[in-house]
Amino acid sequence: MCRDGAGTSSLGDLCQRPTTLIITNFFLISNLNLTSFSLQPFPLVLSQQTLLRSLSFLTEPLQVLKGCTQVSLEPSVLQAEQPQFSQSRSPLPRGYSRGAGGKGLLLGAYASEEEGGAAQLSAAGDAFDSRVSGRLRELLAACGPPLKKGKARIFHGLHQDFPSVVVVGLGKKNAGVNDQENWDEDKENIRAAVAVGCRQIQDLEIPCVEVDPCGDAQAAAEGAVLGLHEYNELKQKKKPVVTPQLHGSAGNEAWQKGVIYAEGQNLARYLMEAPANYITPIKFAEYIEQKLGNFASNVKVHIRPESWIATQQMGAFLSVAKGSAEPPIFLEIHYLGGANANDSPLVFVGKGVTFDSGGISLKPSSGMDAMRADMGGAATVCSAIVTAAALNLPLNIIGLAPLCENMPSGKANKPGDVVRAKNGKTIQVDNTDAEGRLLLADALCYAHNFNARAIVNAATLTGAMDVALGSAATGVFTNSSWLWNHLYEASIVTGDRVWRMPLFEHYTKQVTDCPLADLSNIGKYSRAGGACTAAAFLREFVTAPHWAHLDIAGVMANKDEVPYLRKGMAGRPTRTLVEFAARLSQDSHNPK
Ligand code: BES
Ligand code: ZN
Ligand code: ZN
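The structure presented is a predicted model; accordingly, all values stated were derived computationally and were not measured.

Quick word on the coordination of the zinc ion (ligand 2)
Distances from the zinc ion (ligand 2) to its protein donors, namely D356 (OD), D433 (O), D433 (OD) and E435 (OE), fall within the range 2.0 to 2.2 Å. Geometry at the zinc ion (ligand 2) is irregular, judged from its six donor atoms and the angles of 71 to 168° they form at the metal. Between consecutive donors of the zinc ion (ligand 2), the numbers of intervening residues give the motif D-x76-D-x1-E. Here the zinc ion (ligand 2) and the zinc ion (ligand 3) are spaced 3.2 Å apart, with D356 acting as a shared donor. One end of the pair, D356, is in strand β16 (residues 352–356); the other, E435, is in the loop between β19 (426–429) and α13 (436–447), with 79 residues separating them in the sequence. D356 sits in the buried class, given a relative accessible area of 3%.

What follows is the structure, encoded as structure tokens:
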């Protein structure tokens, strides 16, 4: 091995003068492309997972390690034809372990206040750095340009208790609420950075990671639990399970709260991601019933069958359901957390179309599979109630979810059919793919039976909502500024944002001008303002003074926009609904 001149230097010396870099095929410790170790006398030893015969694999380490002025190559790197990564041959220092059985540590680092300056470790990072005699800080400085927000660096072999330490970039310290972005930037940065770090630990197959609270243990827990979630229920090969734990003793309550919030969103993600042949209306209801089983003392679940729906005269809902062989369910859950069982409840209503083919107005086949998540409204509101129960929130909440499939068949709605909703209004079904509003019309009428403090419905209602806002925010249509303020304030904290949309008469006219019935289920100018005409339609079934309709079609799925959610169904805005309920439970005054 060629070790240019570094043989007798101390680590401190090395960091102050031109650094020697060794590229070695020392051993495989991770499935990352690049892994750094601190092994005396070299401040950085890089292990390359895949040795290519060409030297192109050197590009990445050399780019990262811009500070290095000398590079030494272990001869075996140049000679190797096959990777030689047997773990049994890996000469880790005595007392150190890695991979399965070891423990990871995730630490945060803030961006320097000066442009291009070194990252500043968090309080926990500082404490750990002292335990390793300042080696973490030295390595961080030696291993390339300052750590960027949302990026991670891994160091191995620094401390016996933590064979792998991942340092994540938290961005600017005390960034606070950003009024352009309408969210708390510190919290968002923590969620994103912790998620990235935890996934690195998962890639290393380390079963447990202690997570730095980074100044906000709730946000850190949310980043960890949301960032690690993946739907792999139906795969034989699953990602290794990583259990995140709070590092240190401070902030345990906030950490637990973050875990509960994130698990709530993950429940909604699970239900939305699952195939429609697994989550049918009855399976959905039974799954929620089982989740609420843990809180049986103050929860009641009613799984209402088709006969009950018929006696309720929910003709609009039934007209959609009858196109499918799968029977509809009306799920009704009562969480009694309030001081008094008859305190006015918050009522949540969620669209529960477990598969939306469009019906006779059939959707195009490409991308139709995503319509298994058309029960996202039901999934998010029911998950929010499960979460409220887990948090023992001091208020009463009722959840209502009309559940069915929208399928084409000899019994399905036909364009032009007229159906009658629970409140007696007739509806001309001009497009069978605008089915969500038919379910919600009846569920909203039913919601008025409970003297609600507020009625909030969530629905993957219109493609137009996705066109309007994309995945940035849930569109909120509401007749109550009081309700809007609560939802908005909640969303700043959770980072799962809302944006107010109009409920103008302008749109109402476009759904009430209908040849055969009181209402048409589509706006007369078809696509124009599609999310707004859908909201105007729903308003025809609302008399309550505090009602909000959340169109969640745009936030239904995540590609890569939210960095702490993997690709897939997003379960948004479950945490905002929970935070909203928590805030409502602290506000005893309902405006008139
Ligand atoms: N479930 C869809 C809306 C949707 C689209 C949700 C994309 C999520 C992603 C809804 O039932 C629907 O099909 N709406 C129609 C309404 C139209 C026919 C007026 C739409 O948006 O195209
Ligand atoms: Zn539809
Ligand atoms: Zn739909």
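Quick look at the pattern of salt bridges
When the charged atoms of two side chains lie near each other, side chains of opposite charge can form a pair. Counted under the stated rule, the structure contains 23 salt bridges. Across the salt bridge formed by K363 and D433, the nearest N and O atoms sit 2.9 Å from each other. Linking K363 in the loop between β16 and α12 (376–391) with D433 in the loop between β19 and α13, this pair joins segments that are 70 residues apart in sequence. You can call K363 partly exposed: its relative accessible area is 21%. A relative accessible area of 22% means that D433 is categorised as partly exposed. With a shortest N-O distance of 3.1 Å, K425 and E540 are connected by a salt bridge. Of this pair, K425 sits in the loop between β18 (417–420) and β19 while E540 sits in the loop between α17 (530–539) and β24 (547–551), and the two are 115 residues apart along the sequence.

Regarding the packing of aromatic side chains
Enumeration over the complete set of coordinates arrives at ten aromatic pairs. A centroid spacing of 5.1 Å and a plane angle of 20° characterise the contact between Y270 and Y287, whose relative ring orientation is stacked. Of this pair, Y270 sits in helix α8 (residues 252–273) while Y287 is found in helix α9 (residues 281–292), placing the two residues 17 residues apart along the sequence. Taken together, the ring pairs in this structure connect W308, F330, Y446 and F450 into an aromatic cluster. The lysine or arginine in question, R497, covers the ring of W183, its NZ or CZ lying 3.9 Å from the ring centre.

With respect to the coordination of the zinc ion (ligand 3)
With distances of 2.0 to 2.4 Å, the protein atoms coordinating the zinc ion (ligand 3) are K351 (NZ), D356 (OD), D374 (OD) and E435 (OE). Here the zinc ion (ligand 3) binds six donor atoms, and the angle range of 76 to 175° at the metal identifies the geometry as octahedral. Residue classification places K351 among the buried residues on the basis of a relative accessible area of 2%.

Remarks on the sheet that holds β19
The strand order β18-β19-β23 describes an open sheet built from three strands, whose pairing is mixed. Two strands close off the open sheet at either side, each with one partner strand: β18 and β23 (519–520). In this structure, β19 lies alongside β23, joined through two bridges in parallel fashion. Bridge pairing in β23 links Q428 to S520.

Details of α12
Spanning 16 residues, α12 covers 22 Å between terminal C-alpha atoms, matching the ideal 22 Å at 1.5 Å per step. Of all 16 residues in α12, 14 are buried; the element is thus mostly enclosed. Two residues or fewer past α12, N392 is found with a positive phi of approximately 60°.

A closer look at the site of ligand 1
What surrounds ligand 1 is a group of 16 residues, the closest being K363, D374, D433, E435 and G463. In the environment of ligand 1, a nitrogen atom lies 3.3 Å from a nitrogen or oxygen atom belonging to the backbone of T460. Measuring from a nitrogen atom of ligand 1, one finds a backbone N or O atom of L461 at 3.5 Å. In isolation ligand 1 offers 510 Å² of accessible surface; the protein chains occlude 78% of this area. Residues of the shell around ligand 1, tallied by class, amount to five nonpolar, four polar and seven charged.

Observations concerning unusual backbone geometry
With omega at 0°, the peptide bond leading from R572 into P573 counts as cis. Inspection of the secondary structure puts P573 in the loop between β26 (568–569) and α18 (574–586). At C214, a residue that is not glycine, the phi angle is positive and equals roughly 55°. For C214, the position within the fold is in the loop between β11 (208–211) and α7 (217–228).

A word on the packing of α9 against α12
Interaxial distance between α9 and α12 falls to 10 Å at its minimum, and their mutual angle equals 15°. Comparing their axes, α12 and α9 come out roughly parallel. For the pair α9 and α12, the sense of crossing is right-handed. Residues F284, I288, K291 and L292 of α9 form the contact with α12, whose participating residues are A378, A379, C382 and V386. Class assignment of the residues belonging to the contact of α9 with α12 gives a composition of seven nonpolar, no polar and one charged.

Section: the side chain of S480
Tracing the chain through its elements places S480 in the loop between β21 (474–478) and α15 (481–494). For S480, a relative accessible area of 4% translates into the label buried. There is a polar contact of 3.0 Å between the side chain of S480 and the backbone nitrogen of L483. Ignoring sequence-local partners within four residues, the contact set of S480 consists of R500, P545, H546 and W547.

Definitions and cut-offs
- Residues numbered from 1 in each chain as written.
- Chains lettered and ligands numbered in written order.
- Predicted model: local features only at pLDDT ≥ 70, side-chain atom pairs only at ≥ 80, totals over all residues.
- Heavy atoms only, no water.
- Donors = N, O, S within 2.8 Å, 3.2 Å for Na, K, Ca; no water.
- Tetrahedral: all angles 85-135°; square planar, octahedral: opposite > 155°, others 65-115°.
- Helix = DSSP H or I, 4+ residues; strand = E, 2+ residues; numbered from the N terminus.
- Buried < 20%, exposed > 50% of the residue type's maximum accessible area, 1.4 Å probe, protein only.
- Salt bridge = Lys/Arg side-chain N within 4 Å of Asp/Glu carboxyl O.
- Phe/Tyr/Trp six-rings, centres within 6.5 Å; stacked < 30°, edge-to-face > 60°.
- Lys NZ or Arg CZ within 6 Å of the ring centre and 35° of its normal.
- Pairing = 2+ DSSP bridges.
- Expected span 1.5 Å × (residues − 1).
- Near = heavy atom within 4 Å.
- Polar contact = N/O pair within 3.5 Å; in protein donor to acceptor, adjacent residues only side chain to side chain.
- Areas by Shrake-Rupley, 256 points an atom, 1.4 Å probe, with all protein chains shown as cover.
- Nonpolar A, V, L, I, M, F, W, Y, C, P; charged D, E, K, R; others polar.
- Axes fitted to C-alpha atoms, helices over the stretch in contact; angles between N-to-C directions.
- Parallel < 35°, antiparallel > 145°, perpendicular 65-115°, else oblique.
- Left-handed = near helix turned anticlockwise from the far one by under 90°.
- Contact = heavy atoms within 4.5 Å.

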